[in-house]
Amino acid sequence: MAEKISDLPRDVTQKLAELDLELSEGDITQKGYDKKKARILAAYRATRVASPGVVPSNMTRAPREEPGPIVFRVPEPETDSSERNKKAARRLTRDESRFHSEVRTEAVLQALKHHQQGKLPVPMPSKRMSALHTPPLEQTPGQAAHPTVSTLKEATGSSDDDSSVFDEENTSSLELHQPRQSKPSVPSQVPPASQRRELRSPGSFIRLQPPPESNQKGLAPPDITHHIASELNRHNHAGSVRIPQSNPDPVGTLYCKGKVSTKIQQLLNTLKRPKRKPLPDYFKEENSELEVSMNDPDAPKPEGNVMKPTDGGAAVIPSGLPRNLISAIQRYGTSSFPKASAVTMLDIHGKITTNLSYGKLHSKVMKIAYCLLNKLGTKTDPLLRPGDKIALVYPNSDPVSYMCAFYGCIAAGLVPVSVEVPTSKRDAGTAGMGFLLRSLKVSVALTSEMCHRTLPREPSGEVGNIKGWSKLMWFCPESFSHKPPKEWKPPATEIPDHNPAYVEYTTAKDGSVMGVTISNLAMISHCRTLTQACCYTEGEVMVCVLDFRREMGLWHGILSSVFNGMHVIFVPYSLMKTDPASWLKLATRNNAAVGIVKSRDMHWGMLAKKDHKDIDLKSLRLLLVADGANPWSLTTCDSFVTVFQSKGLESEAVCPCASSAEALTVSLRRSRSQPGRKGGNQTGRGVLSMQGLSYGVVRVEDENSLMSLTLQDCGQVLPGANMVVVKIEGDPQLCKTDEVGELCLSANYTGSYYWGLKGFSNHAFRVQPLDSQGSQVGPQYYVRTGLIGFLGPGGLVFICGSRQGLMAVSNRRHNTDDIIATVLAVEPNRFIYRGRIAVFSIPVLCDERICIVAEQRPDSSEEESFQWMSKVLQAVDTIHQVGIYCLALVPPNYLPRSALGGIHIHETMKKLQEGNLHPANVLMCPHTCVLNLPQVIDDYNISKSVLRPEPPREDTPSDVGPSAMFVGSIVQGARLAHAQGHELTSYNEEDQAKKHQFLSEVLRWRANSMPEHEIFTVVTAKGAPVTLTCSQLHRRAERVATLILEKGKRNVGDHVALVYPPSIDLVAAFYGCLYVGCVPIIIRPPHPHNLPTTLPTLKMIVEASNSTCILTNSSIIKSLRSKEANSIVESKSWPVLLDTTDISKKKSLAIYMPPSSEMLCYLDFSVSTTGMLAGIKMTHASVLALCRSIKLQCEFYPSRNVVLCLDPYSGLAAVLWTLVGVYSGHNSILVAPSELERDPTAWLTAVSQYKVRDTFCSYGVMEMCTRGLGTTTATLKQRGVNLSSVRTCIVVAEERPRIQLMSSFTKVFSTLGLSPRAVSTTFGCRVNTAMCLQGPSCPDPSEVYVDTKSLRYDRVSILEKGSPNSLCLKESGKLLPGVKVVIANPDTKGQCADSSLGEIWVSCPHDANGYFAIYGDECPTLDHFDSHLATGDTLTSYARTGYLGFIMRTEKTQADGERHDAIFIVGALDEAIVLRGVRYHPIDIENSVMRSHRKISECAVFTWTNLLVVVVELDGHENEALDVIPLVTNAILEESHLIVGVVVIVDPGVIPINSRGEKQRMHLRDGFIGDHLDPIYVAYNM
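Calculation notes
Residues numbered from 1 in each chain as written. Predicted model: local features only at pLDDT ≥ 70, side-chain atom pairs only at ≥ 80, totals over all residues. Heavy atoms only, no water. Pairing = 2+ DSSP bridges. Helix = DSSP H or I, 4+ residues; strand = E, 2+ residues; numbered from the N terminus. Axes fitted to C-alpha atoms, helices over the stretch in contact; angles between N-to-C directions. Polar contact = N/O pair within 3.5 Å; in protein donor to acceptor, adjacent residues only side chain to side chain. Parallel < 35°, antiparallel > 145°, perpendicular 65-115°, else oblique. Left-handed = near helix turned anticlockwise from the far one by under 90°. Contact = heavy atoms within 4.5 Å. Nonpolar A, V, L, I, M, F, W, Y, C, P; charged D, E, K, R; others polar. Buried < 20%, exposed > 50% of the residue type's maximum accessible area, 1.4 Å probe, protein only. Disulfide = S-S within 2.5 Å. Salt bridge = Lys/Arg side-chain N within 4 Å of Asp/Glu carboxyl O. Arc of directions from axis to C-beta.

**Quick word on the sheet that holds strand S33 (residues 1014-1019)**
Then, in step 1: In space, the seven strands of this open sheet follow the order S34-S33-S42-S41-S43-S44-S45, with mixed pairing throughout. The open sheet is flanked by strand S34 (1026-1029) and strand S45 (1319-1321), the only strands paired with a single partner. Strand-to-strand twist in this sheet, taken as the mean axis angle between neighbours without regard to direction, amounts to 20°.

If you want it as structure tokens, here you go:
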């Protein structure tokens, strides 16, 4: 049955289009294309047959966006229906909190059911057992620990013949902008490697393949190690020679089926395979692309009319009310009923501890007011005066003392400031309270005697320093004994109405504490308004469960109750913990008419069913729900009415209300008994779309929809108040009737301003709404309430969130309470604690990202917690249509708490961002929520690596060729990028060494002409230095030569391996080989404590170099023939082993003279950072030219002393150790880097002792000295170490200069006289050992700041120092004499212009003469050593370095008077990471990671298929490992615009580093895939 494309659904046609694109690009075979196409059509037919005309069950219905009126309903009288009884009979547990909702639970279950259909499992993070602190989980029967390869193949639907070819080196990043349409990616197969060895032909090289397994004996990947152990317990590794798999893995590049490799493959199967996108020649500015577009064409728009201000009716002041609060205390305490109870306080057991009457309240208040003004300080200089601020530091369990102190301050005309009690156990928010008190200039604090004893103390007994607090004078009003005289009157009666009455603290979204000032007029007006709205009368009993120091508890329980002469019973929070129904019992026992609670207290009261039999709530006419603005309090209110309706509670008694610290009471559902009210207690509810609310519009939704939200009203505006709704962002324009905005209130009882914050106060307290034309609505000012909502019919107020809980993600606003409710609906009782959840957003990459942190139950296992987190992600994504960026679980009782026991959100967010949260589990999901990555232009192909070319692909035709670029640069006046060192013919030095053609001749000449001249000195940590003269070296070389001829039976041209530690023996053996015409190969000896890794490398190089003999010492021969070594490599398989330890004296022999200087001198084998082992050929002519160039550049003479602290096994280090000293005749002072293990000061001591001017080292040595000796410079100075004689301290390197390390080294040892100008670097590579080297006559190295974004696009953009996105690059020394360098395009081979990024090509006499052997690269380029430019100088032969860089002409002048051309190295082509069509250099990403967390000691990055893997060494405790994961992900996203796929946390020393201090990333990659790293934690970012 053939279907027409036009008749197919959109999702099916899109899949077919993607499949056609893969076939056209050659990413899939025709057979694989036919199979996948048939599979897609078969799935479509099965769906159509199963449910014709019906939407498939796995497709979520799109939310309704058409505008419509809100349907409000007046609730019918409650009946005992079966459905309601069923819900009420549901068994509830004590741990359920205020966010419980059955509707939300059902929605979550449906969402999870949709996700379980056809979804692949997500890999679980790997954690080391030592970090788990729990025994390993037993595997359940029938459940595999990890998916097998066959399982993965079935999940992806792939087979051996339809796997797409995937290019590892040039892949895009994970483009999961549409996660629901993603498809699994299938990595490519690795072609089988040949097991034979190709023979060398003239002018070619030997390409090596892995030796047969019969010769390997199952060897591990060989390793060339270097033996420096740093002071930081770090194991330095050398580059591993990477062995390709002989048998391809059927799924991908899986080297073993370990837990890491299978999980990575499982992760890849859940992600969409990205398309490779080419790189633009001229890139766009990315900042504009990162910004989320403010105009979403698909977003619903408000369509109603502009709303008008809504008033709450006229304020009617009942007759007979007191004039103010002090008058009320005097009335009720003296004349009316002084013995009537005012306040009742309970203890933790529910017993009455204090029952304060109005008469006692009046006497205590007057006494406190009199003593504060007259008994503190002196008569002439009182401590307090009316109008001063005073701190009230009382716990929430002592309402009597607090009420007396509060009214005592009011009566004295003082301004009380209520703050939380500071404790040493709970620091969260304490510093903010101290800042508020300091800004208010508070110097006196009142507290109770019991609280005073709990304050932190100093040894002297006084109250100690509190974090963030100034020094205060503490007083306990209980100790005031002086009664006021009868004629004394409190000053409160004379205080103007506009003066501050009290200051109430509030916390902003960023955690800062601000003080809201309430005037005397606002305080008394608020009491009058609440009296009218709540119908308060004298003698009524009120039960209050809230905190009486602020907000609703203060306004009703302290102020309005006294204003009306009511009796208040305060229920402490500690009693609620032990007896949740205590407030219900008190209401029954005292016939309470008013109750002030939160939905949490109502929920707890319902759970205590055993106490319900004696409850009678007939007298309760008003039950104020303080958090009625919470959308999820609706379920609690309904359930509470259902449960206690049979106990006499009327449904109209439940009155939700809304409030804020700035506007005080915002709205309140008024009691039906209020005079003038008709129709009872009007209520309203609406079923709204959460997606519409996230866009700021009100839309009706189906009640059974997953994305519906049912809101209840919070009453109406209070009498005398006026309310408007303005837009949340921007100017305060009035919203439309179907638009969500911020509620603003205008009344005479609102707050006045934030104390000391004029700018914030004008924004919050002086709002003048604007209409659609931008004109002011009226002259009055409004106050922002911080509540988000809208106004319904009849003036009902609906609130759906708050500013503090608002998270603006991709121009959609989500409420934290909504997210918490969804999280709690995912069976939380087994895994986390309810009420211990923090939801917030953090800024990452120009947008907000949602983070969830919860406390994990101690009995939940690692796997169960991970599965729960996965369900939470799915539920939030389905219901709220938003992705979670980070989900973290912490141990129990670990999150910072506020004073009232809740989670301190800002402190939790701060700990997460600073890396101090210490979570037990972390799940990062950047792929699903980071949707604003910059797009890549599709009009230019990036430069492919010349060292690792791509498989043949159809290249995009380019309109601009190399010739056009060349001509265009000339027309524009751009200088072509080229630079050249001094001509060798320009030097007229008087040196006899240049008259010789061979180094063996030079050594013999020096032995004859200057036999006693010291040419080598060996410095060790123990013992005196050992010197060697020219004649001694000559004689030792002769003895070695004789040994090779007589005992080794070697012939001219044979290859001889030199296996020595760094010593003079190595130098003598090298020249002994030259004396008899043999070709030496310097090889690092195997480490005796690491033979399984290092011995195979030695064996491989010996075979690769065709060595027929091995020269070494007795200890190494003993190690090679040991039992352990024989189990790895058979001792019989080694070539002839010659011991040069004790050689008898022989007669001198004739030195072999090669017939031509173009014959082979030695072979240089080295391992690149990509794991490729290669041996290059160096002729005698190249060696002599190299030695002469270095001698001329550095001005070496026989009178010089040069200190070398290098490993002499390859590159420039081997040349400096063995060759240059003999040619120039200077004294080479050799310090083996391994000596620094025993004495870290050996190198610097030798530099100081011999007063050398020139010294060479590696980055490893420099880092060891910087870290190990940074704190001992004073001791070194006392020992006489002086580095002032050093003019050049040169780091031998083959990479971009490490400016930060060099600067740290200079700064640390500047106290010893080291000049900052002395430290510089060299640059060399495989094709040219030394290109750049800083000489004493050269100008200082130049520095330039370039744009990091332009480098990713192979462009160079010069910036000023300190500019954003600037990267400092330092010149890698000056070109050696005879060196010519050009910058060429690596693809077109056209010459680039000045300051343009390209490949560095070099031409000079000391270039290498080609590869002798190469291992680890299946398709090497043959023109590395003989390339020609397509434009410009097309006749000159160049060697291609494989490094990207640029040339820039500076203002500095060279010795010859010409302007200096500086060469800047950017990075190696074969090391570069190509993701999202952009080239990244690993060092740039690693620098971002190093800056992200202080406990990261080292890191390395690499790619595996389309994933970016970050390996981090943790220099800390294992419980700090998971702190690194969010910070690493954030740093790379912010600075590199890349999404991290895997984060691996390992111990220090795991990242392999070679002798030059370079990271062996490919060796690390193989170890990661093969599961050989023993990681602390492996996080898979979904």
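**Describing the side chain of Asn 1530**
Then, in step 1: For Asn 1530, the position within the fold is in helix H43 (residues 1524-1536).
Then, in step 2: Side-chain polar atoms of Asn 1530 contact the side chain of Tyr 885, separated by 2.4 Å.

**Quick word on the packing of helix H10 (residues 325-335) against helix H16 (residues 551-563)**
Then, in step 1: Between H10 and H16, whose axes approach to 8 Å, the crossing angle comes to 60°. By the criterion of interaxial angle, the relationship of H10 to H16 is oblique. The crossing of H10 and H16 is left-handed. Taken together, the residues of H16 that come into contact with H10 (itself represented by Leu 325, Ala 328, Ile 329 and Tyr 332) are Leu 559, Val 562 and Phe 563.
Then, in step 2: Within the contact of H10 with H16, the residues separate by chemical class into seven nonpolar, no polar and no charged.

**Some remarks on the environment of Ile 1229**
Then, in step 1: Examined against the element boundaries, Ile 1229 turns out to sit in strand S42 (residues 1227-1231).
Then, in step 2: With a relative accessible area of 0%, Ile 1229 lands in the buried category.
Then, in step 3: Spatially, the C-alpha atom of Ile 1229 lies 6.0 Å from that of Leu 1204, the residues being 25 residues apart in sequence.
Then, in step 4: Those residues within four positions of Ile 1229 in sequence are excluded, and the remaining contacts are Thr 1017, Val 1019, Asn 1201, Val 1202, Val 1203, Leu 1204, Tyr 1250 and Val 1252.

**A look at the pairing of strand S51 (residues 1411-1415)**
Then, in step 1: For S51, the tally of buried residues reaches five of five residues, placing the bulk of the element in the interior.
Then, in step 2: Bridge analysis of strand S40 (residues 1173-1179) against S51 gives four bridges, and the strand direction is antiparallel. Bridging from a neighbouring strand, Leu 1173 pairs with Tyr 1415 of S51.

**Side note on the state of the cysteines**
Then, in step 1: Using the criterion set out here, one finds zero disulfides in the structure.
Then, in step 2: No disulfide involves Cys 1265; its sulfur sits 7.0 Å from that of Cys 1205, the nearest cysteine.
Then, in step 3: Cys 1265 sits in the buried class, given a relative accessible area of 1%.
Then, in step 4: The closest cysteine sulfur to the non-disulfide-bonded Cys 1332 is located on Cys 1325, 9.8 Å from its own sulfur.
Then, in step 5: Judged by its relative accessible area of 1%, Cys 1332 falls in the buried class.

**Some remarks on unusual backbone geometry**
Then, in step 1: Located in the positive-phi region is Lys 441, a residue other than glycine, with phi close to 60°.
Then, in step 2: Tracing the chain through its elements places Lys 441 in the loop between helix H13 (430-439) and strand S8 (444-446).
Then, in step 3: One non-glycine residue, His 1537, lies in positive phi territory at about 60°.
Then, in step 4: Tracing the sequence through the fold places His 1537 in the loop between H43 and strand S58 (1542-1546).

**Focus on the side chain of Arg 1352**
Then, in step 1: Within the secondary structure, Arg 1352 is located in helix H41 (residues 1348-1352).
Then, in step 2: Within the structure, the side chain of Arg 1352 is placed 2.2 Å from the backbone oxygen of Glu 1535, a separation counted as a polar contact.

**With respect to the pattern of salt bridges**
Then, in step 1: Taken as a whole and judged by the stated rule, the model has 40 salt bridges.
Then, in step 2: The partner of Lys 1559 in a salt bridge is Glu 1498, with the nearest N and O atoms 2.9 Å apart. Of the two residues, Lys 1559 is situated in the loop between S58 and helix H44 (1561-1569) and Glu 1498 in strand S56 (residues 1496-1504); the sequence distance between them amounts to 61 residues. By the burial criterion, Lys 1559 is buried, and Glu 1498 matches it.

**Remarks on the sheet that holds strand S46 (residues 1343-1347)**
Then, in step 1: Read across the sheet, three strands follow the order S47-S46-S48 without closing on themselves; strand pairing throughout is antiparallel. Every other strand in the sheet has two partners, leaving strand S47 (1358-1359) and strand S48 (1366-1370) as the edge strands with one partner each.
Then, in step 2: Where S46 and S48 come together, five bridges link them in antiparallel fashion. Looking at the pairing, Val 1346 lines up with Leu 1367 of S48.

**Considerations on helix H42 (residues 1482-1492)**
Then, in step 1: Within the sequence span of H42, burial applies to Pro 1482, Ile 1485, Glu 1486, Ser 1488, Val 1489 and Ser 1492. Buried residues of H42, viewed axially, fall in a sector of 155°; they line one side.
Then, in step 2: In this fold, the buried residues of H42 make contact with strand S54 (1473-1475), strand S55 (1478-1480), S56, strand S57 (1507-1514), H43 and H44.

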